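Chain residues, written in single-letter form:
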Amino acid sequence: MPAPSDTQPPDTAASPTFAADDRLVAVAAGMEVPSEVHEQVSSEKPVLEIDSFNLWYGQKQALHRITMPIPECKVTALVGPSGCGKSTLLRSVNRLNDLVQSVRISGDMRLNGDSIYDRGTDVIELRKRMGMVFQKPNPFPMSIYENVVYALRIDGERNRGVLDEVCERSLRGAALWDEVKDRLADSALGLSGGQQQRLCIARAIAAEPEVLLLDEPCSALDPIATGKVEDLIQELRGTYSVLMVTHNMQQASRTSDYTAFMYLGRLIEYGPTTEIFTKPILRETEAYVTGRFG
């Protein structure tokens, strides 16, 4: 299947520029609008740099010149209405969109300085540098233990002591060790939904990823399980660099250090979560996070 192309469709070259009071109306009209990026974001050391990134599904453009750094060892949340490009952007980081034949891109992303979309990039090796957790828990049909150490197994690690150490460390990191330590040989499919999702996070962090990608990790969980996963995300901050998509404003405000508001494939405003939720620069951002639209 062909990889994304950096060839831009000819009919998208000349977009009207922003010339309206309401940015969201301007975006809906197809205008290019400037993003408001708070100074605090730029002062952080980035683990991931997204640089003028555009993405098309066939002739339909889904992402428009997204430029944003993702701070190292912090939790960054992507918020916005359904269909605004949050998950598309997240899946572009580990090139899952390569699997869609009609996709083409321009711009770049860099993981600790290394281009993600360079023609010479080994996509398999790239994905080893990231962890990915999806909306619905997807444990492998094997034991709890083998789920956690899977990445090490496929890399050829056979030392039982190393595997045991990584398994315990990862399950503790995912706040699951005390619940499963006496049944590591049991099937992971026997865990509850919330436990399965925390197991998927343990599996993701076992390989010590440079960035952890979470795509609405609580959307399929009940409130109690959601609370446990949110507690876990807060515990991961400072140790892991997390980029998370969520549709839940309260969840973003509780768990993230930085929040980016997206709308129709554009980055509208990006800054510290406390500022986005209490004193955003744009009234459009305030209207969204307070529930007045979307």
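In this report, the structure presented in the accompanying data block is examined. Worth saying up front: this structure is predicted, and the values here are computed from it rather than measured.

Rules behind the numbers
- Every chain's residues receive numbers from 1 upward, in the order its sequence appears when written.
- Where totals are concerned, whole chains, interfaces and linings use all residues; where local detail is concerned, this predicted model gives features only for residues with pLDDT of at least 70, and gives and counts side-chain atom pairs only at 80 or more.
- The side-chain numbers reported here are obtained from all heavy atoms of the structure, hydrogens and water having been left aside.
- In this description, strands pair whenever DSSP reports at least two bridges between them.
- Secondary structure follows DSSP: runs of H or I at least 4 residues long count as helices, runs of E at least 2 residues long count as strands, and numbering of each begins at the N terminus.
- Two residues qualify as a contact provided that any one of their heavy atoms is within 4.5 Å of a heavy atom in the partner residue.
- Whenever a helix is involved, its axis is fitted only over the stretch in contact; in every case the axis is a line through C-alpha atoms, and angles between N-to-C directions fall within 0 to 180 degrees.
- Joining through side-chain atoms within 4.5 Å is the link that ties buried Ala, Val, Leu, Ile, Met, Phe, Trp, Tyr and Cys residues into a set, and such a set is a nonpolar core.
- Type-normalised accessible area, obtained with a 1.4 Å probe on protein chains alone, sets the label of each residue: buried when under 20%, exposed when over 50%, and partly exposed for intermediate values.

Attention now goes to the sheet that holds strand S3 (residues 60–71). Taken in spatial order, the 4 strands line up as S3-S2-S5-S6 in an open sheet, and their pairing is antiparallel. Taken across any chain shown, the strands that pair with only one partner, and hence form the sheet edges, are S3 and strand S6 (114–115). Looking at chain direction, strand S2 (residues 46–57) and strand S5 (residues 103–111) are connected through 8 bridges and run antiparallel. Across the sheet, residue Leu55 finds its bridge partner in S5, namely Ile105.

Now for the sheet that holds strand S1 (residues 36–37). Taken in spatial order, the 7 strands of this open sheet run S1-S11-S10-S4-S9-S8-S7, and their pairing is mixed. Both edges of this open sheet fall to S1 and strand S7 (130–133), since each of them pairs with a single strand only. Across 4 bridges, the pairing between strand S4 (residues 75–79) and strand S9 (residues 242–245) is parallel. By the bridge assignment for S9, Leu78 is matched with Val245. In this fold helix H9 (residues 193–206) packs onto S7 and strand S8 (211–215), with an angle of close to 170° to the strand it touches most, S7.

Attention shifts here to the nonpolar core. Leu171, Leu184, Leu199, Leu212 and Ile268 are the most contacted members of the largest nonpolar core, which totals 53 residues. Not counting the four nearest positions on each side in its chain, Leu199 is found in contact with Pro139, Ile144, Asn147, Val148, Leu171, Leu176, Ala188 and Leu191. If you look at the next biggest cluster of nonpolar residues, it comprises 35 residues, including Val47, Leu89, Ile105 and Met130.

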